[in-house]
Every structure is written in C-alpha cells, then in structure tokens.
Amino acid sequence: MSKISPPGQFLQEFFAGFTEEVLADPDAVELIVDRYYTADIEQIVDGVRMDRARLVQHVRPVQRNLRRYRYDFHEVWRYDEKLAARFAVHAELRSGRVMSTEVQLMAEFAPDGRMRRAHQLTQTLEPLAEL
C-alpha cells in the first residue's frame, strides 16, 4: 500500500480502478482480481465469506449489469497496512435501477497495495435521485 497517498485517495483509486478494469475487460476478471487482491484473500461481507474463487464469481454479474457508479468516502482511517472506512456505493444498473449502499469496511492490505483481508457490513440506503 502506498505510504504517500492519503487513505481516502488510496481507497478511491483501489475500488474505482478495480471497477473500471473489470468493466473494460470482461475476459480478464481473474487477472484483474489478482492485481487487486492477494491469492489468499478472505473477504467477509455481511457474514458471507468470499475467497478468491467466490470473489471472481461475484464480479461477473457486476460486469454484466453495472452501467454507472460512484464511490463517496465519508471517513477513512489508516494504521500501518490496515484501513477502516465508511463509504457509500451508488450504482445504476443496465435495467435503469439505481441503488445506494453504505459500506463499513475494515481491511488489511499487503505492502504492494493488494487487499489481503476485509470485513464489510453493508446497509441499503435510499438511492440517489440521479447518479
């Protein structure tokens, strides 16, 4: 993880970069996941554990359905290679549906900036009127 960039900027670049790459190249999901996550990634979202294989499966519907998105970071803290954050994800799907989700994240990153461990709690928010 870059020691130079502020933690909010780092997370914005991490999540937006990952999302942009998977949307741009549907055939390279596994390679893209490997650029952003360590091979032993363990991500627990609302009590559901995702390893690398499950993360790859999770990304495929996002590729098919996501039209536009935005991340709004409200609070981000860093301690060494660990980050905690509260942010919102706003998404417009190909169907025209707009959804907003608040995320509370506690994550550990490898020195190279890839995510190693994460715990996330999410809550559906009232969607934005316009993305």
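Residues numbered from 1 in each chain as written. Predicted model: local features only at pLDDT ≥ 70, side-chain atom pairs only at ≥ 80, totals over all residues. Heavy atoms only, no water.

Within the protein chain, the secondary structure is distributed over three helices and six strands. Taken from N to C terminus, the helices and strands of the protein chain fall in the order α-α-β-β-α-β-β-β-β. Against the globule reference of 14 Å for 131 residues, the protein chain gives a C-alpha radius of gyration of 14 Å, in line with a compact fold. In terms of principal-axis extent, the alpha carbons of the protein chain reach across some 40 × 30 × 30 Å. Here the protein chain holds 131 residues, and the buried ones make up 40% of them. Considering only intrachain contacts with a sequence separation of at least 6, the fraction spanning at least 24 residues in the protein chain is 53%. Carbon and sulfur atoms provide 51% of the accessible area of the protein chain, an area that totals close to 7,600 Å². Looking at charge distribution, the protein chain has the averaged site of its 18 positive side-chain charges lying 2 Å from that of its 21 negative ones. (Helix = DSSP H or I, 4+ residues; strand = E, 2+ residues; numbered from the N terminus. Rg over C-alpha atoms; globule rule 2.2 N^0.38 Å. Buried < 20%, exposed > 50% of the residue type's maximum accessible area, 1.4 Å probe, protein only. Contact = heavy atoms within 4.5 Å. Areas by Shrake-Rupley, 256 points an atom, 1.4 Å probe, with all protein chains shown as cover. Lys, Arg positive; Asp, Glu negative; His and termini not counted. Charge placed at Lys NZ, Arg CZ, Asp CG, Glu CD.)

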